[in-house]
Every structure is written in structure tokens, then in C-alpha cells.
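Chain by chain, the residues:
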Amino acid sequence: MSSMEESPRKQPSESKAPPLSRKTKSKAQGSKSDKKKRNSTSKEPVRKVIAKESTIVEAEVVEAKTSKQYAYAFASHKYFTASMLIATFIALFAMDLWELSGPPPIENDIGAYCVMLVTFTLFLVELTLFTWSKEGYRFSFFWGLDLLACLSLIPDAMMALGVNIISMLGDSTATLSITRAGRAARAGTRAVRIIEVVKKQLKVREMKKKGIPYDPEDDGESAIGGKLGDGITEKVIVIVTLMLIASQVFGALETTTTAKFEHELENLQALYIACRVGLSAAAPSPAMARASSDTALFPTHGCASRRLDCLDSVPTTDPTCHFNLYFRQIVASHNKVPDECLHLNYRAGLECSAQAFDKVYDFTTYSVKGDCTQNVVRHIKLLEEDVWCSKAAVLTLRTVVEESISVTMDNSSMVFSNIPNARGQALVNILQVVFIILLMGFSSYLFQKDADKLVIGPLTRMAKIVAALSANPLAKIDEGGEGNPEFETEFVERAIKKFGKLLQIAFGEAGAEIIGTTKIAKGGEVNPMVAGKKMKAIFGFAILNHFNDCTDALQEDVMLYVNIVADIVHRAVKENEGAPNKNIGDAFLVAWKMPDDADMTKPVDTPYGNTYGDSCIKAFVRSCIETQASKPLRELTEHPKIQERLPGFKISMGYGLHAGWAIEGAIGSMLKIDASYLSPHVNLAARLETGTHQFGVDILFSDIIFAMVSPELQALCRKIDRVTVKGSLQPITL
């Protein structure tokens, strides 16, 4: 038994990497998007993780729900959400479909209005529940949209209670503008609900195709992506809704049609006044007309005289004929053209329509024969007297859907049926809502697509890289890029990948624990100076022989020489389930980390089916062979100066292996740290590597390593000596 001198070489230090068999979960850090904040109320149930005998047991502490949580759970339940989606379709299309379907008799409208009342109630309940229970919803943009949608439903809902708000406001142009603007606002605000549902379903379908389960609480959207997406959606909604409201208001302000009706009513009233007092129809003054508007001056109904013989072809100065002919012309021109008159030209058609008027109207009694509700002209009242039909013919016309056009002047008025136009407007409204949904959805998609491609996508990939490295510092990094390298985001993404790769190379597997556990303080300071961790491993040292002579001879080329050797050694170790740890000029420290409960008196299996003892010996044998066979190394060792100093020199290395415990962690200062192993077992591996010169062998390992080697490989090894190393009382077998 001999004694080995202590090697002066200090063992380097490295931090601990997780065992290869350990699975780590990647968990991205960062704030939630505003969208996810709106989908959360109070704190989630607390989860505690208990580690016992290497088994992870997850226990969930269920907290009692508050009334707000119950309210939010009810409002966000899938059945209530489905009901609100149906209510949204009803709010957008129900009244227009009802008008387009007939229209049905007005007495049946109570059913449609009751449906609108229920819809309004659902909207109000949803708004109330979310306002109370949904975090970040109150007074937000989407809260305003929902409130506006509720307000736009009030006129339709109140009709179910017999309250006609439109009629109460009057039949003015301003009222018409308010009605149209309200319906346009409803279309713009509620269309976003349909868009959200469609986007959600597309997201679910996309995730199913990728085999990813969909989690409604975490849809995989990044925080900045959710914020930017909400901002884009808000701006699109505002722009489209304002355009709709403006177009409806400005459209209602057009006075061309009503101005024509007002002019006709003014003329008709003037002629009626003239025929009652016997004045000439040539120029009734406004003062006379106003003075004559008092019906008490006229004890009879209609004109002062009764004329049935007035003809357009016979000139006359009789005021009664003037009124009769003008009245006949107005009613005939506005009413539906009889079927027998459709094939005639314009002038003949007017005369034909006038003859049809003569068949149903009696100028002696100023009364109409037949059903007045079938006419376009429903009611004409002059000086508080009905001269065409009665007010009952107007009661069947709806005001909410603008089935009537009414013109009023003093004590006279005319009401026309606008049913064909109302039905056409209903169809236009339906198409408009569909167009709004498509426009908002497509615009939002296009804007978001560009944002995702140029900003959100690269940022999300960067966050995933950082999160993956934080959870597993040895995670594989794809150094390529997916976008245009000229873009700043792509440049930053590629830089992060390179920094991550360099970080992995610099720290190695032993430094993974330092990277993964290092915390960043609020001020941005990084403190890697953490306590070490005890672990078990096989430690190996490899040293280049005659390194000082090679350095003097090769000068600058010595870096090539060392790096070629390092590449061979590192690859051999890595591909045999080990990890390079430290480079010290002419020496290299490597390690094979084992489970904490590993029994080093027998072979220990690796995660890939080998044994740690076999793997370390195979790695060093491979290094011996490849360094001898390397052509670049052979060319460098044949350098004239080397051959002059060491004739016949060929590259040779010594390898030492030993196993035991060590403390791994960061050693150094805030200016420079190394991931290091501190242990007498690491020192012993270094002494064994030095002993290869003394015993004239390439590889020297302790009896602990021999016990961990498989029987097949043990048969290829030979015992060299049993020694007591300096500083130790226990002898070891080599």
C-alpha cells in the first residue's frame, strides 16, 4: 500500500442541476390581461403542495363562497350565457323579423313586446349582477356598452305595459332620430357579444386541433395580447357605432318627403277654407286662413256647396271644384294604383286612378266606401273634420317601426301608411346588423392579426423562452427566428435566445439550480448568492499531459488545441449522461449527478437504462480514443517546436474518477461567480487524475466507482494498488 501526495490543484465549484429524471413544469410569470381580470372575481381556492417521501401530494383548501361569488358564478354559467346569447339575437332581429313577416295584426304585437320585455329584463339582470360582482367591470367600456344596449330596449319593452314612449315624445323628426339612433346603438353594442362568442368557439376549436384542453380561466392568451386585443375591439366598436348613429340621425333629418306632404296639406287646407266661405281660391291670405280656422263659423261638414260635376277638362272658378279636384288628385296619386291602371302611361294612369277614387268617395257626404285600412292615405282631417276616413284607420299602424307618416298643420293633418317602406327598412336593419357583426369581427381580426404577427407573437415567444429557462435552465432553445430579422422585436427575440444559450453553456448543468432559484428583487437587483445544496455525484477530472511545453510551442494556437480537446471530452461526457462542469486550462471537471437516495455500493441505473458507473468509464474511454484519432490535434502536436522539445510527442491525457457527496452552489462575489462543487470527494478525483502519471495509466478510478460498474465492465478492469491519500485516514483501492 503506497501513499499519494496531495495535488495542489484546487477543485472548481459549480451549482446543482436537477436530476435528469426530474420533470419540471413551466409556469409563466406576469400580470393577467384586463380581459382575464374581468373574468375573475375574488381569490381562487388556496392550493398547498406537501412533499413527503418524494411524493407530491396536492391538497386544496376550499373556501366558503361569498354572495358576490355566487352572483358571478350564476351570471357566468354556461346556461345563463346561452340565454343571453339568445336574448342578444332577439334584441337585434326580433322586431324587424316581426315587421318583415306580414306585418301581423297590431293586436298581436303584445306577444312580441312581451318577448322584448323579457329580453330587457335579462339584460338588466346581467348588467346588475356583473356590476356588483365582476371585478374591473363597473364603469368600464364594456359596462357602458351593456348599459346603452339596455336603454335602447326601453321603448320596445314598455310597449308590453301599454306605454308608447315614441307617441309620448311626439311624431317629430327629433323623435324619429332618437328611435333610429337607439336601434343603431343596440346593433353596435350587442354585436360585440356575438363576436366574442364566435372568437371563443374558434379558439376552442383551434386548441382541440392541437390537442390542448381548453381552460376558460386560462385561454393561453398573453397579458399584453389581451390588453391590446381589448383596445382594438373597443376602438372598432366605437367607430362603427358612432358611424351608425350618425347615419341614422342624419338620415332622419332629411325633410324632402315630409316637406312635400306639408305643402300638399297646406294647399288642401287653403282650398278647403275657400270652398267653405265661398272665397276665390286664387289667393287666400294667411290671415284669412287663420281667422277662418275656427270651426264655429262653419255649421256644415265639407264645402259650402256640393258639386259632383267637377271635371279637370272644364275650367272653373268655383272653390268647391278647386277643392274637389285637388283633393281627388292627392288621394289618387298616393293610394295604390289599381290593377286595371298598371298598363297605362303616366297621364292615363292618373286619370284611371282618379276614376277609381270616384267609385269609392262621395263628395256629398265626404265619406269613403270600403275598408280604409287598405289604402295608403289612411286619414285626412281638415279643420278638425274628417274628410277622408277616420282616425280608426290609423290605429292599426305601428309607431315603433315607423309604419305611418304623419303631417300636421294647425287643425289639419294627413296620415299615410308607410308599411311597404317599413318592411323594407326592417330588411335593411337585419342586413345592417349582419353587416355590422361581419365588419366588427373582420376588422378586429385584421387589426389583431397584424398586432399578433408584429408585436404580440414575438413578445409571447420571448416570455415563453424566459419562463422555460426559469423553470428548466437546461431547456432546449431554438436559435432560429420566425419573423423578419429587420424588425426590432425579432432582433430582441433572437438576442434573448442567444443569451439563453450562452447562459446554458456558461453555467452548465450544475449551474441550472442557481439560474432556476435566483430571485429578482423589486428594485431589479439580482442576488445569486444563495445557500448551497448537498448532492451525490460521480466526479471526473481529465488533464492534458505536457501542457506547459505545448503552450510555449503553440502560443496563440494553444487555444485551438485546448478547445478541440474540450469539445471531444465534453461531447463524450454529455452523450453518456454526464455534464461538463469546469475548464481549468489543461484540466476539465465533469460530473454525473445521481439521485439523493442512490446506493453507491452497487450499480445505479440512469434514466436512460444505463448505469452511472458504466457511463463515466465509457465517456473517458471514448475521449482517449477520439483525442488520439483527431486529425486537427495530430496536426497541432506535430508542430516543429513541440517535436523539437518532445521528440515523437503525441497527445495524451490522464483521467481520474471518484464518487461521493458534495455541496453545490455559487462561489464568488457579486462581480463574478462560478457554479462549484465543494467536497473532499472532488479533491480525491483530482488526485486520482494526477496519479495516472505515477502509475502510467490513462484512467484511474476508486473502488467506489468499481462497485458501481456492471459485472461485464468490471471484467475489463484491473486492480492497481491500495493507497492512503494525504489528508485521509481511510485507504482506497485503485
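*Asks:* Looking at this structure, I do not really get the side chain of T119. What am I missing?
*Replies:* Mapping T119 onto the fold places it in helix 4 (residues 109-133). Excluding residues within four positions of it along the chain, T119 makes contact with A87, I90, A91 and L153.

*Asks:* Please explain helix 3 (residues 78-100) as it appears in this structure.
*Replies:* Three- or four-residue spacings in an α-helix give side chains the same orientation, since the helix completes a turn every 3.6 residues. Spanning 23 residues, helix 3 covers 32 Å between terminal C-alpha atoms, matching the ideal 33 Å at 1.5 Å per step. Of all bends in helix 3, the biggest is about 50 degrees, found at F93. Within helix 3, the full set of buried residues consists of F80, M84, A87, T88, A91, L92, F93, M95, D96 and E99.

*Asks:* Mind showing me how you'd approach the pattern of salt bridges here?
*Replies:* Per the counting criterion, the structure on display carries 10 salt bridges. Taking the shortest distance from any N to any O, the salt bridge between E626 and R622 comes out at 2.8 Å. Linking E626 with R622, this pair stays in helix 19 (residues 612-629), spanning four residues, or about one helical turn.

*Asks:* What exactly am I supposed to notice about unusual backbone geometry here?
*Replies:* Residues other than glycine predominantly adopt negative phi, and peptide bonds predominantly adopt the trans conformation. Positive phi values are uncommon outside glycine, yet C389 reaches one of about 60 degrees. You can see C389 is positioned in the loop between strand 7 (385-388) and strand 8 (404-409). A residue is classified by how much of its surface remains accessible, and C389, at 11% relative accessible area, is buried. For H546, which is not glycine, the phi dihedral falls at a positive 55 degrees. Along the chain, the position of H546 falls in the loop between strand 10 (533-544) and helix 17 (547-554). Classification of H546 by relative accessible area gives partly exposed; the value is 42%.

*Asks:* I tried to follow the packing of helix 3 against helix 4 on my own but got confused; where do I start?
*Replies:* Axis angle and axis distance: for two packed helices, these are the angle between their axes and the distance between the axes, and together they describe the pair. Packing of helix 3 against helix 4 leaves a shortest axis separation of 10 Å and a crossing angle of 140 degrees. In the crossing of helix 3 with helix 4, the sense of the turn from one axis to the other is left-handed. Counting all contacts with helix 3, which are made through F80, M84, A87, T88, I90, A91, A94, M95 and W98, the residues of helix 4 involved are D109, A112, Y113, V115, M116, T119, L122, F123, V125 and E126. Broken down by class, the residue content of the contact of helix 3 with helix 4 amounts to 15 nonpolar, two polar and two charged.

*Asks:* Explain the sheet that holds strand 7 here, please?
*Replies:* Backbone-to-backbone hydrogen bonds pair the strands of a sheet. The strands run either parallel or antiparallel. Pairing within the open sheet is antiparallel, and its four strands lie in the order 7-6-9-8. Edge strands, defined here as strands with exactly one partner in the open sheet, are strand 7 and strand 8. With direction set aside, neighbouring strand axes in the sheet form an average angle of 20 degrees. Taken together, the four bridges between strand 6 (residues 377-382) and strand 9 (residues 412-417) define a ladder with antiparallel strand orientation.

*Asks:* Just checking my understanding: could you explain the state of the cysteines for this structure?
*Replies:* Covalently bonding the sulfur atom of one cysteine to the sulfur atom of another cysteine gives a disulfide. According to the stated counting rule, one finds four disulfides in the structure shown. One disulfide in the model links C341 with C352; its S-S distance is 1.8 Å. Between C341 and C352, the S-S torsion sits near -65 degrees, and that sign places the bridge as left-handed. Of this pair, C341 sits in the loop between helix 12 (319-334) and helix 13 (346-360) while C352 is found in helix 13, placing the two residues 11 residues apart along the sequence. Assessed through its relative accessible area of 13%, C352 is described here as buried. Through a disulfide, C372 is tied to C389; the S-S separation comes to 2.1 Å. A torsion of -90 degrees about the S-S bond marks the disulfide between C372 and C389 as left-handed. Note that C372 is positioned in the loop between strand 5 (367-368) and strand 6 and C389 in the loop between strand 7 and strand 8, a separation of 17 residues in sequence. Once the disulfide-bonded cysteines of the chain are ranked by sequence position, their pairing pattern turns out to be 1-2, 3-4, 5-6, 7-8. The cysteine C616 is free of any disulfide, with C717 supplying the nearest cysteine sulfur at 9.7 Å. The buried category is assigned to C616, whose relative accessible area is 0%.

*Asks:* Can you help me understand the nonpolar core in this one?
*Replies:* Side chains of a nonpolar character, in soluble globular proteins, are inclined to be buried together. Judged by nonpolar contacts, the single largest core of 42 residues is most densely connected at I538, Y561, W592, L657 and I705. Residue assignment for this core shows that the elements contributing at least two residues are strand 10, helix 17, helix 18 (558-574), strand 12 (587-594), helix 19, helix 20 (631-637) and strand 13 (653-668). In terms of residues, this core owes the most to one element, helix 18, which gives eight residues. Dropping the residues within four chain positions of it, I705 is found in contact with I538, C616, I617, L657, H658 and A659. With 41 residues, the next largest nonpolar core counts M95, W143, I237 and I437 among its residues.

*Asks:* What am I meant to see in the packing of aromatic side chains here?
*Replies:* For any two aromatic rings, the description comes down to two numbers: the centre-to-centre distance and the angle of the planes. Applying the stated criterion to the full structure yields 22 aromatic pairs. Relative to F93, the ring of F89 lies with its centre 6.1 Å away and its plane at 25 degrees, an arrangement referred to as stacked. Of the two residues, F89 and F93 are both situated in helix 3; the distance of four residues between them amounts to about one turn of the helix. Of the aromatic side chains, those joined through ring pairs into one cluster are Y272, F323, F327, F357, Y361, F363, Y366 and W388. The ring centre of F130 lies 4.4 Å from the NZ or CZ of K134, which sits over that ring. Geometry around W661 places K534 over its ring, the cationic atom sitting 5.0 Å from the centre.

Cut-offs applied
- Residues numbered from 1 in each chain as written.
- Predicted model: local features only at pLDDT ≥ 70, side-chain atom pairs only at ≥ 80, totals over all residues.
- Heavy atoms only, no water.
- Helix = DSSP H or I, 4+ residues; strand = E, 2+ residues; numbered from the N terminus.
- Contact = heavy atoms within 4.5 Å.
- Expected span 1.5 Å × (residues − 1).
- Bend = angle between axes of the 7 residues up to and from the residue.
- Buried < 20%, exposed > 50% of the residue type's maximum accessible area, 1.4 Å probe, protein only.
- Salt bridge = Lys/Arg side-chain N within 4 Å of Asp/Glu carboxyl O.
- Axes fitted to C-alpha atoms, helices over the stretch in contact; angles between N-to-C directions.
- Left-handed = near helix turned anticlockwise from the far one by under 90°.
- Nonpolar A, V, L, I, M, F, W, Y, C, P; charged D, E, K, R; others polar.
- Pairing = 2+ DSSP bridges.
- Disulfide = S-S within 2.5 Å.
- Core = buried A, V, L, I, M, F, W, Y, C linked by side-chain atoms within 4.5 Å.
- Phe/Tyr/Trp six-rings, centres within 6.5 Å; stacked < 30°, edge-to-face > 60°.
- Lys NZ or Arg CZ within 6 Å of the ring centre and 35° of its normal.

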